[in-house]
Amino acid sequence: MNEPMQIEENGKDVSSSKDAPANANTGCVGPTAEGAGKASACDGCPNQGACSSGAFNSPEAVAKAEAETQALQSSLHNVSHVVLVLSGKGGVGKSTVAAQLCHTLGSQGYAVGLLDVDLCGPSAPRMVMGDDFAAQTIHKSGSGAWTPVYNRDNVAVMSISFLLQDANQAVVWRGPRKNSLIQQFLTQVDWTGETDGLDYLIVDTPPGTSDEHISTVQYLQKANAVSGAVVVTTPEEVSLADVRKELNFCQKTKVPVLGIVENMGHLQTKLPDLKFVHPQTGDDMTEQMLKVLQERCPEVLQCAVTSELFGRGGGAAAMADAYNVPFWGRLPLDPKLLQACEQGKAYVQLEPTSQASSALQDFSGRLVKRLPVDMDKQS
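Keep in mind that what you see is a predicted model, and the values were worked out from it rather than measured.

Take the overall build of the protein chain next. A tally of helices and strands in the protein chain yields twelve helices and 13 strands. The globule rule puts the C-alpha radius of gyration for 379 residues at 21 Å, and the 23 Å found for the protein chain is close to it. The principal-axis extent of the C-alpha atoms belonging to the protein chain is close to 85 × 50 × 40 Å. Counting only residues that meet the buried cut, the protein chain has 47% of its 379 residues in that class. When contacts within the protein chain are restricted to residue pairs at least 6 apart in sequence, long-range pairs at least 24 apart make up 72% of them. Of the roughly 18000 Å² of accessible surface on the protein chain, 48% is carried by carbon and sulfur atoms.

Here it is, written out as structure tokens:
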């Protein structure tokens, strides 16, 4: 049964049909509906002529739509759960959260894939593979499907980066071409690997609620494959305002929100990793100060130090309460976490006793509890 994707504008429900074309207007009634091509939402839509002529109702069109749904179901048949990582705001650390969730779950023995649909700013490959990502390419299997790149036997990644001749090449594409590649990623990637499929497929998305989000959700919903979303924000109101729109998007498209992560709200690092400078001249006094501390108060050097970068937090937790969704907690800005992402490493293995590691372990635990898998099938 095709349920509508509900969107509101100015308080008016302008729902989009679940089988609406990816490039359809907001409020699309669906290409096979009685009012297709004639409803007010159809004005200016590139599909208006085809819809009004009944082209989408032809036997050929119906067969094509059914084939697309079957291809989606076939491609994802051995994927237990598909989890979107979303945020209405750019620069909040979606890719960091997505990649480290993959690494953390992978370190626990789960089979995990990371699908990067941030087509214009793909950063997931580096965060999974480190510097090695630039030398990686994808190949087609005997069945003609793309084979993702593996960091280790149970952690895979798929991204447009592997299709570009130059890692610094800009992707300057309009919506239809983006939608086509997303559909290929969802229908033509073989996630079988050596684990006979995935326990979790994490989808790293670009900021906002535009083409890539709508296309990804629509395609996944055709296969009933959306398990939920993790929403990432930073604590300042500028970010929260945009993330509220993302939560509204999830509500209207009926994507369950598994949890909200507040990222980079506070800096945390070990005291010896700080740089000490003279307050007037800016001269580096690190060596001198560390020597004084070592002589007079060595126990201080074992402390971690924190700083609230955006003032006192709490906005993300309040937002979670307002939208009645779980608040997963805070992930601190830790220089070693950033290094782990640059190197494509699992931070929880590099710094197992840190606060950020505890947070990532907690996030993965919450995910597994909400979306359990049968680990016995892997043995």
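Glancing now at the nonpolar core. Counting residues in each nonpolar core, the largest one holds 89 residues, and the members touching the most others are Tyr 200 and Ile 202. Once residues within four sequence positions are removed from consideration, Tyr 200 is found in contact with His 81, Leu 105, Tyr 110, Ala 111, Val 112, Gly 113, Leu 367, Val 368, Leu 371, Pro 372 and Val 373.

Let us look at the packing of aromatic side chains. All told, the structure shown has three aromatic pairs when counted by the stated rule. When the centroid spacing of 5.6 Å and the interplanar angle of 70° are considered together, the rings of Tyr 110 and Tyr 200 count as edge-to-face. Of this pair, Tyr 110 sits in the loop between helix H3 (94-107) and strand E4 (112-116) while Tyr 200 sits in strand E9 (residues 198-204), and the two are 90 residues apart along the sequence. Ring plane angle 25° and centroid distance 5.9 Å describe the contact between Trp 328 and Phe 363, whose orientation is recorded as stacked. Residue Trp 328 is found in strand E13 (residues 327-333), and its partner Phe 363 is found in helix H12 (residues 355-370); the two are separated by 35 residues along the sequence. For the pair Trp 328 and Phe 363, a shared accessibility class is recorded, and that class is buried.

We now examine the packing of helix H6 (residues 211-222) against helix H7 (residues 237-253). Between H6 and H7, the least distance of the axes is 12 Å, while the angle of their chain directions is 25°. On the basis of the axis angle, H6 is roughly parallel to H7. The two elements H6 and H7 meet at a crossing, and its hand is right-handed. From H6, His 213, Ile 214, Val 217 and Gln 221 reach across to H7, where they touch Glu 246, Phe 249 and Thr 253. Its residues placed into classes, the contact of H6 with H7 shows three nonpolar, three polar and one charged.

Reading the values: the criteria
- Residues numbered from 1 in each chain as written.
- Predicted model: local features only at pLDDT ≥ 70, side-chain atom pairs only at ≥ 80, totals over all residues.
- Heavy atoms only, no water.
- Helix = DSSP H or I, 4+ residues; strand = E, 2+ residues; numbered from the N terminus.
- Rg over C-alpha atoms; globule rule 2.2 N^0.38 Å.
- Buried < 20%, exposed > 50% of the residue type's maximum accessible area, 1.4 Å probe, protein only.
- Contact = heavy atoms within 4.5 Å.
- Areas by Shrake-Rupley, 256 points an atom, 1.4 Å probe, with all protein chains shown as cover.
- Core = buried A, V, L, I, M, F, W, Y, C linked by side-chain atoms within 4.5 Å.
- Phe/Tyr/Trp six-rings, centres within 6.5 Å; stacked < 30°, edge-to-face > 60°.
- Axes fitted to C-alpha atoms, helices over the stretch in contact; angles between N-to-C directions.
- Parallel < 35°, antiparallel > 145°, perpendicular 65-115°, else oblique.
- Left-handed = near helix turned anticlockwise from the far one by under 90°.
- Nonpolar A, V, L, I, M, F, W, Y, C, P; charged D, E, K, R; others polar.

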